[in-house]
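# Secondary and tertiary structure notes
Okay, here's what each chain looks like letter by letter:
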Amino acid sequence: MEAPSILNDPFAPLRQRFLARCATQLAELRAARQRGPSVGSNDTLIPTAHSLAGAAGTFGFAEISARASALETLLIEQADDGPSHAALDALITEIERTLK
């Protein structure tokens, strides 16, 4: 699903700030992925995933929100690294797709 058009949108400046923040958080997510091997050992990922899930949903980026929420749940539940890595990869891919 594409984000709402920003033409004549009073939330456009906020949406643009969210996208800029996504770029910063994307770098953080990539760094966490590179650190491996245990995604769940990085406590900074939970608040990042939580923040992305809420803000993305608010600004109409449903896919980012869903993927961030899935990652957050896996991290909180301390799931095995395989599903957590897959969820992190899916979130990274979705943010990259959205920012293109």
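Scroll up a little and you will see the structure.
Residues numbered from 1 in each chain as written. Predicted model: local features only at pLDDT ≥ 70, side-chain atom pairs only at ≥ 80, totals over all residues. Heavy atoms only, no water.

### With respect to the packing of aromatic side chains
Enumeration according to the criterion identifies two aromatic pairs in this entry. Within the aromatic cluster, the residues linked to one another by ring pairs are F18, F59 and F61. (Phe/Tyr/Trp six-rings, centres within 6.5 Å; stacked < 30°, edge-to-face > 60°.)

### Section: the packing of helix α1 (residues 12-35) against helix α2 (residues 45-58)
Packed helix pairs are characterised by how far apart their axes lie and by the angle those axes make with each other. The interhelical angle for the contact between α1 and α2, taken along N-to-C directions, is 150°, at an axis separation of 11 Å. Accordingly, the angle class assigned to the pair α1 and α2 is roughly antiparallel. Both α1 and α2 take part in a crossing whose hand is left-handed. From α1, F18, R21, C22, Q25, E28, L29 and A32 reach across to α2, where they touch L45, T48, S51, L52, A55 and A56. (Axes fitted to C-alpha atoms, helices over the stretch in contact; angles between N-to-C directions. Helix = DSSP H or I, 4+ residues; strand = E, 2+ residues; numbered from the N terminus. Parallel < 35°, antiparallel > 145°, perpendicular 65-115°, else oblique. Left-handed = near helix turned anticlockwise from the far one by under 90°. Contact = heavy atoms within 4.5 Å.)

### Some details on the pattern of salt bridges
This structure, assessed with the given rule, holds six salt bridges. With a closest N to O distance of 2.6 Å, E96 and R30 form a salt bridge. Of the two residues, E96 is situated in helix α4 (residues 81-99) and R30 in helix α1; the sequence distance between them amounts to 66 residues. Exposure remark for E96: the relative accessible area of 27% places this residue in the partly exposed category. Here the residues in one salt-bridge network are E63, R67, E94 and R97, joined through shared partners. (Salt bridge = Lys/Arg side-chain N within 4 Å of Asp/Glu carboxyl O. Buried < 20%, exposed > 50% of the residue type's maximum accessible area, 1.4 Å probe, protein only.)

### A word on α2
Helix length check: α2, at 14 residues, gives a terminal C-alpha distance of 20 Å against a target of 20 Å (1.5 Å per residue), a fit within 8%. Residues of α2 that are buried include every one of L45, T48, A49, L52, A53, A55 and A56, and no others. Those residues of α2 that are buried lie in contact with α1, α3 (62-76) and α4. Looking one or two residues past α2, G60 carries a phi angle of roughly 90°, positive in sign. (Expected span 1.5 Å × (residues − 1).)

### Overview of the nonpolar core
Residues F18, L29, L52, I64, L91 and I95 are the most contacted members of the largest nonpolar core, which totals 24 residues. Contributions of two or more residues to this core are made by α1, α2, α3 and α4. (Core = buried A, V, L, I, M, F, W, Y, C linked by side-chain atoms within 4.5 Å.)

### Let's talk about the environment of D43
Residue placement: D43 occurs in the loop between α1 and α2. Exposure remark for D43: the relative accessible area of 59% places this residue in the exposed category. On a C-alpha basis, the gap between D43 and L75 in space is 8.6 Å, while along the polypeptide they are 32 residues apart.

### Focus: the side chain of T48
Note on placement: T48 falls in helix α2. The contacts of T48, once residues within four sequence positions are left out, are Q25, E28 and L29.

### Focus on the packing of α3 against α4
Look at α3 against α4: their axes get within 9 Å of each other, and the N-to-C directions meet at 160°. For the element pair α3 / α4, the angle class is roughly antiparallel. Here α3 runs over α4; the crossing is left-handed. In contact with E63, I64, R67, A68, L71, L74 and L75 of α3, α4 contributes P83, S84, A87, L88, A90, L91, E94, I95 and T98. Taken together, the residues of the contact of α3 with α4 sort by class into eleven nonpolar, two polar and three charged. (Nonpolar A, V, L, I, M, F, W, Y, C, P; charged D, E, K, R; others polar.)

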